[in-house]
Amino acid sequence: MAEVSSSIFESFLRQVEDYSPAIESVEVGYVTEVGDGIARVTGLNNIRFSELVRFSNGVAGIAFNLETDIVGVIIMGEYDTINEGDEVRPLGRIASVPVGLGLVGRVVNALGEPVDGRGPIESTEFYNIERIAPGVMERQNVNRPVQTGLVSIDGMTPIGRGQRQLIIGDRQTGKSAIAIDTIINQKGKDLYCIYVAIGKRRGEIARLQALLEEAGAMDYTIIVTATASEAAALQYIAPYAGCAMGEWFMENGKDALIVYDDLSKHAWAYRQVSLLMRRPPGREAYPGDVFYLHSRLLERAAQLSEARGGGSLTALPIIETLLGDVAAYVPTNVISITDGQIFLETELFNAGTRPAINVGISVSRVGGDAQTKAMKKVAGGLRLDLAQFRSLAAFAQFGSDLDKATQRQLDRGLRLTELLKQQQYQPLALSDEVALLYAGTRGFLDTLPAHRVKEWQAGFLRAFHGQYAEIADAIESSAAVSDEVEAKLRNAIEEFSASFS
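Residues numbered from 1 in each chain as written. Predicted model: local features only at pLDDT ≥ 70, side-chain atom pairs only at ≥ 80, totals over all residues. Heavy atoms only, no water.

A.B. asks: Explain the sheet that holds strand β6 (residues 87-94) residue by residue, including any values.
C.D. replies: Within a beta sheet, neighbouring strands are joined by backbone hydrogen bonds and run either parallel or antiparallel to one another. With antiparallel pairing, the six strands of this closed barrel are ordered in space as β1-β2-β5-β4-β3-β6. Going from strand to strand, the sheet's axes swing by 45° on average, the running direction of each strand aside. Bridge analysis of strand β3 (residues 51-55) against strand β4 (residues 60-66) gives three bridges, and the strand direction is antiparallel. Bridge pairing in β4 links V53 to G61. (Pairing = 2+ DSSP bridges. Helix = DSSP H or I, 4+ residues; strand = E, 2+ residues; numbered from the N terminus. Axes fitted to C-alpha atoms, helices over the stretch in contact; angles between N-to-C directions.)

A.B. asks: Any details on the environment of D86? Residues and values, ideally.
C.D. replies: Among the secondary structure elements, D86 is positioned in the loop between β5 (70-75) and β6. The class of D86 is buried, set by a relative accessible area of 17%. On a C-alpha basis, the gap between D86 and E33 in space is 9.9 Å, while along the polypeptide they are 53 residues apart. Setting aside chain neighbours within four positions, we find D86 in contact with G29, Y30, V31, S56 and T81. Here N83 takes part through its backbone nitrogen, which lies 2.9 Å from a polar atom of the side chain of D86. (Buried < 20%, exposed > 50% of the residue type's maximum accessible area, 1.4 Å probe, protein only. Contact = heavy atoms within 4.5 Å. Polar contact = N/O pair within 3.5 Å; in protein donor to acceptor, adjacent residues only side chain to side chain.)

A.B. asks: Give me unusual backbone geometry: which residues, what numbers.
C.D. replies: Going from D261 to D262, the amide bond is cis rather than trans, its omega being -5°. Turning to its location among the elements, D262 is positioned in the loop between β15 (255-261) and α6 (263-276). A cis amide bond links R354 to the next residue, P355, at an omega of 5°. Residue position: P355 is located in the loop between α9 (346-350) and β18 (363-364). Backbone geometry at D36 places phi at a positive 55°, although glycine is not the residue there.

A.B. asks: Mind laying out the packing of aromatic side chains, listing which residues take part and the relevant values?
C.D. replies: Tallied over the entire structure, the rule returns 13 aromatic pairs. Measuring from centroid to centroid gives 5.5 Å for F460 and F464, while their planes differ by 20°, and the two rings are stacked. Here the residue F460 and the residue F464 both occupy positions in helix α14 (residues 453-464), the gap between them amounting to four residues, near one helical turn. Classification of F460 as buried rests on a relative accessible area of 0%. (Phe/Tyr/Trp six-rings, centres within 6.5 Å; stacked < 30°, edge-to-face > 60°.)

A.B. asks: Just give me the short version of the pattern of salt bridges, but keep the residues and values in it.
C.D. replies: As enumerated under the stated definition, the model contains 28 salt bridges in all. One salt bridge in this structure joins R300 and E247, with 2.9 Å as the shortest N-O distance. Of this pair, R300 sits in the loop between α7 (290-298) and β16 (312-320) while E247 sits in helix α5 (residues 232-251); the two residues are 53 residues apart in sequence, bridging distant segments of the chain. R300 sits in the buried class, given a relative accessible area of 0%. E247 sits in the buried class, given a relative accessible area of 1%. Between K421 and E418 there is a salt bridge, with the nearest N and O atoms lying 2.8 Å from each other. No difference in accessibility class separates K421 from E418, as the two residues are buried. (Salt bridge = Lys/Arg side-chain N within 4 Å of Asp/Glu carboxyl O.)

A.B. asks: Could you give me a rundown of the confidence of the model for the chain, with the residues and numbers involved?
C.D. replies: Summary statistics for the chain give a mean pLDDT of 91 and a share of 96% for residues scoring 70 or more. Ranking the elements of the chain by mean pLDDT puts helix α1 (residues 2-18) last with 72 and strand β13 (residues 192-198) first with 98. (pLDDT = per-residue confidence, 0-100.)

A.B. asks: Could you give an account of the nonpolar core, naming the residues involved and the relevant values?
C.D. replies: Counting 94 residues, the largest nonpolar core has I74, I183, L212 and Y260 as the members making the most contacts within it. Residue contributions to this core peak at 14 residues, all from α5. Setting aside its immediate chain neighbours within four residues, L212 contacts I180, I183, I184, A217, M218, T221 and I223. If you look at the next biggest cluster of nonpolar residues, it comprises 40 residues, including M156, L448, L461 and F496. (Core = buried A, V, L, I, M, F, W, Y, C linked by side-chain atoms within 4.5 Å.)

A.B. asks: Describe helix α12 (residues 404-420), naming the residues involved and giving the relevant values.
C.D. replies: The terminal C-alpha atoms of α12, which comprises 17 residues, lie 24 Å apart, in line with the 24 Å expected from a rise of 1.5 Å per residue. Residues of α12 that are buried in the fold lie against α2 (151-156), α11 (382-393), α13 (430-441) and α14. (Expected span 1.5 Å × (residues − 1).)

A.B. asks: Hey, could you go over the packing of α12 against α13 for me, with residue numbers and the actual values?
C.D. replies: Direction vectors running N to C along α12 and α13 enclose 170°, while the axes themselves pass 10 Å from each other. The angle between α12 and α13 falls in the class roughly antiparallel. Where α12 crosses over α13, the handedness of that crossing is right-handed. Residues R412, L416, L419 and L420 of α12 form the contact with α13, whose participating residues are L436, L437, G440 and T441. A per-class count over the contact of α12 with α13 returns five nonpolar, two polar and one charged. (Parallel < 35°, antiparallel > 145°, perpendicular 65-115°, else oblique. Left-handed = near helix turned anticlockwise from the far one by under 90°. Nonpolar A, V, L, I, M, F, W, Y, C, P; charged D, E, K, R; others polar.)

Below you can see the structure in the form of structure tokens.
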């Protein structure tokens, strides 16, 4: 018994002798003021900009204002239970989100946390939400198309992989519909999509998810949400979080498309956060760096050079205008940053022209570089024909006084306008777009009554995929229209038009 107690004593003694106290230095701050999703914290002298912190109630925050004695923190969740004097601990890492293929098909919030009820995200890699855009020498020309499936866009304002194309217009003019059509049309085209919903209702996001699932588009899509009921801080960081997810695809040699819906609400959220942080307001009460807010986001979209893997990130920012005022502060800022804009007009929308694209203001600064050879060949005269039609349309009511050439331009413009109308969420294949534009721009529809153009289109597309399927296959496989294929296409249109009654 004495031997056992002796061995126990020796064991304890060894443990005491081997013990060396470890001193861990942890910086702790304390809340001095809290309210409206903002906390002012003292004691965090070594914190970095955009570093994550954790409040005593478990809610995370981001260091936003770094002043001499006080750190302004935006709270990423409920702040009702945070009180003056509460402890705040820095987490030692910059705000980041999970990235990788594990996010595809999921709905996540601005912090990358799943909100679709399908379990945790399978990801081991994280990217900072704020990252430096690729430099000039790391990029190359935008020369590969993003097919939207919308004839008016693919024909007149084409979008290339790596481009930043703005979608702008008043509310309820079909801005989101264009972006969703583009996502649906990427099925089988090896392009991953990220849809960032900023300030939208939860019901809208649920409908969007159901729509994309029905179209089979969630197989290659990530939805990032910061709903209207969430903190302004989450709406502010959501686009940067979505962009970081898209950059993972770009930097791994893949192609990605990101939709920011919309940056007007993003600017409002940033204005709210900045004013609460007592930053000096400027024009329309926006802080002075509101231009930098969007430029540092949109510049991250790029077509990388072959040395960097050749991946791309295409951005489709959406901006909402008020009464068509494109000269307002935020719209002009974003127009100057992007590579072109698609302007949607309320009058055209109400007149039944959908998508309601104003041809005169809409432009793509990448132009024909982002078009396939087939589209470039058939759509060359489209913009000119429509521009001439718009300039002459005011005189249409005096049709009896017009010469034959002018009347011919008006007739063709009417038929082209009908041809460019499309049903929502029904994007067309490249071969269909090429065939329809060929028929319209080459004058095959000039003698057809304008009100029967859509009827002719529906019948022709059925025949095109039936008895003329080899022409469609030839256009799809080569993305070009050879002389032989053009002759076959011409014959097909003439044969069908002759039998159409």
